Amino acid sequence: MADAAAEGAVSGGESRAQAGGSDSGEAQPELADPDERSASATPRDAEAGEPRPAEPDATKANEARSVEAGAVQAAESDAAQAEIAEADEVQAVETGTAQAVSEVRGGMFRSLRVYNYRLFAAGGVVSNVGGWMQRTAQDWLILDLTNGSATALGVTTALQFLPQLLFGLWGGMIADRYPKRPVLIVAQSIMGLLALTLGTLTLTGQAREWHVYMMAFALGLVLCVEVPTRQSFVVEMVGRKDLPNAIALNASSFNLARVVGPALAGVLIYALGGTGPIFVLNALSFLAVLGGLALMRTSELTTPDPVPRAKGQLREGLRYVMERPDLLMPILLVAFVSLCAQSFSMSIALMAREVFGAGASSFGLASSMFAVGALVGALMAARRVRPSRKLLIGGALSFGLFQVVTGLAPWYPVYLLLLVPAGVALISVNTTANTSVQLAASPEMRGRVMGIYVLVFTGGAPIGAPLLGWVAEMGGPRAGVVVGGVLTVIGTGAAIMLTKAIGRRSHATVRGSAAAPAGA
């Protein structure tokens, strides 16, 4: 805009310079005395008595003064036009900046102005704390039942996420076909009953290794439907404008619970003499979520029309993602990162217990330090207006590098400190990818797209967790963490190259399809 304005001012100044030079040359003589004008215009030769023309030097001087006056006037006009253009540009920039600042200053917690989202977020905080308490208790329980087996811990993690790998796409399709709030109420109720069952088995001394495996798998089945439904339900509460902020606040709530939950679980396991009460407390925490869902004002939800049942809807969702680089890139990147991210959370228990000899309370502290970093990263994301591809890629590379560094940490305090930036990097990847995918997906496809996203987000655990658990068993916990970090960095590069390769192939297919009718 500034270049165009300046160019217009220059061309306008040239035309005005020509007109201004002519006017100046004619107006100046009219201001002189008539006699003086006549004498200067037709001076007579004293000796010949005949008129002689004006001196050439004087004529040239007058013309030069006229041209100079016109040039000055044109220059002043150009300068004025340039100042106006510059002022307009500055005002436009300041206006745009003010709007952006105003949008950001709408508040880090601006989504909480929405009544339904306040209920959703409040219930989520309570339930997330209970969920992280159960996750900590579950890891500790399986280690107790198997005498500290890293393989058993990896199998438990894998079984919880295996259903996502097998049935995750169907979960996203259910999210598109049915109203999301009733689906969430049913799913949350089942999850609460599972926690209560495992708590009862543990308190009565009946819990066995296969019980933990079975409950983990059953929980994973419910999460196949619950997670994509919950993720795509957020936009129905807050709309597209506040969606990035709401997603970041969800991540903040999740990671705040990750700070409080494991530490609280570690203290309660020690104070109450076992993991059984933790599962019962988690079962009670689901009442907060169910209460919030029940009290929502359905008239304030922007619910899209359910997608009618039809053949080929899963293939349609996959094709939709493959043809959209703005969806494919974050999904592929999350796929590679999650391959190692879940095992990194698992490795915190192994590093604390096997490498540094920490007890239950110290193990909870390590999980909380990682969550502190994740919480900081989520709050930073809440202030952003739009996601960035550079942030997505940079966060993935940083997480891989911090995995390697934490695996090499010499002392426990150093290990705890390094967990903080690792958490910041990981949550930056998760929130940026989630926001990018939801904003890019159309409403009628959002459930299936989020089903694919959740599939790759959690589906990597059944592959990565046992693999890195086996590496940790063979070479020690440090080796498992370092190998996971190296795989994260390699996976980031692979995601970028695959996106470009698939994009080129899709464009070639489209060009070929367009050229076929023309050739025919």
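Residues numbered from 1 in each chain as written. Predicted model: local features only at pLDDT ≥ 70, side-chain atom pairs only at ≥ 80, totals over all residues. Heavy atoms only, no water.

Caption draft 1: A look at empty space enclosed by the protein. Enumeration over the complete set of coordinates arrives at seven cavities of 30 Å³ or more. Quantified by volume, the second largest cavity comes out at close to 110 Å³. Every residue lining the second largest cavity is counted, twelve residues in all, and those nearest its centre are Trp132, Arg135, Asp139, Ser345 and Ser367. At the level of secondary structure, the elements contributing two or more residues to the lining of the second largest cavity comprise α4 (115-145), α8 (243-272), α11 (325-355) and α12 (360-382). Here the lining of the second largest cavity takes four residues from α4, the largest share from any one element. Among the residues forming the lining of the second largest cavity, the class breakdown is six nonpolar, three polar and three charged. (1 Å grid on protein atoms, 1.4 Å probe; cavity = no way out; pocket = protein on both sides within 12 Å on 5 of 7 lines; lining within 4 Å. Points joined across faces, edges and corners; volume = space filled by probe spheres on them. Helix = DSSP H or I, 4+ residues; strand = E, 2+ residues; numbered from the N terminus. Nonpolar A, V, L, I, M, F, W, Y, C, P; charged D, E, K, R; others polar.)

Caption draft 2: Seen up close, the packing of helix α7 (residues 209-238) against α8. Two elements in contact, α7 and α8, have axes whose closest approach is 9 Å; the angle formed by their N-to-C orientations is 130°. Of the possible angle classes, the one that applies to α7 and α8 is oblique. Along this stretch, α7 crosses α8, giving a crossing that reads as right-handed. Across from Val234, Val235 and Val238 in α7, the residues of α8 making contact are Leu243, Ala246 and Asn250. For the contact of α7 with α8, a count of residues per class yields five nonpolar, one polar and no charged. (Axes fitted to C-alpha atoms, helices over the stretch in contact; angles between N-to-C directions. Parallel < 35°, antiparallel > 145°, perpendicular 65-115°, else oblique. Left-handed = near helix turned anticlockwise from the far one by under 90°. Contact = heavy atoms within 4.5 Å.)

Caption draft 3: A look at helix α9 (residues 276-294). Between the first and last C-alpha of α9 there are 29 Å, a value that for 19 residues agrees with the 27 Å anticipated at 1.5 Å per step. Burial in α9 covers these residues: Gly276, Ile278, Phe279, Asn282, Ala283, Ser285, Phe286, Val289, Gly292 and Leu293. Buried positions along α9 lie against α4, α6 (180-203), α7 and α8. (Expected span 1.5 Å × (residues − 1). Buried < 20%, exposed > 50% of the residue type's maximum accessible area, 1.4 Å probe, protein only.)

Caption draft 4: Molecular detail of the confidence of the model for the protein chain. Considering every residue of the protein chain, the mean pLDDT works out to 76; 75% of them sit at 70 or more. Note on residues 1-56: pLDDT is under 50 here. Beyond four places in sequence and across chains, it has 32 contacts. The low-confidence segment residues 82-105, where pLDDT is below 50, has seven contacts with residues more than four positions distant or belonging to other chains. (pLDDT = per-residue confidence, 0-100.)

Caption draft 5: Here's a closer look at the packing of α6 against α9. Where α6 contacts α9, the axes come no closer than 7 Å and their chain directions differ by 165°. Here α6 is positioned roughly antiparallel relative to α9, judged by the angle of their axes. The crossing of α6 and α9 is left-handed. Among the residues making up the contact of α6 with α9, the classes are represented as 16 nonpolar, seven polar and one charged.

Caption draft 6: Fine view of the nonpolar core. Residues Tyr415, Leu419, Val449 and Tyr453 are the most contacted members of the largest nonpolar core, which totals 81 residues. In terms of residue count, α11 provides more of this core than any other element does, 15 residues in total. The next biggest cluster of nonpolar side chains, apart from the first, holds 22 residues, and it includes Ala121, Val238, Ile247 and Val289. (Core = buried A, V, L, I, M, F, W, Y, C linked by side-chain atoms within 4.5 Å.)

Caption draft 7: Local environment of the side chain of Gln231. Its place among the elements puts Gln231 in helix α7. Discounting residues that sit within four places of it in the chain, Gln231 has contacts with Asn434, Gln438 and Met450.

Caption draft 8: Expanded view of the packing of aromatic side chains. Under the criterion given, the structure shown has nine aromatic pairs. Plain terms: the ring middles of Phe344 and Phe399 are 5.6 Å apart, the flat faces sit at 85° to each other, and that makes the pair edge-to-face. Of the two residues, Phe344 sits in helix α11 while Phe399 sits in helix α13 (residues 389-407), which places them 55 residues apart along the sequence. Relative to Tyr415, the ring of Tyr412 has its centre 6.2 Å away and its plane inclined at 20°; by these criteria the two rings are stacked. Of the two residues, Tyr412 and Tyr415 are both situated in helix α14 (residues 412-440); the distance of three residues between them amounts to about one turn of the helix. (Phe/Tyr/Trp six-rings, centres within 6.5 Å; stacked < 30°, edge-to-face > 60°.)

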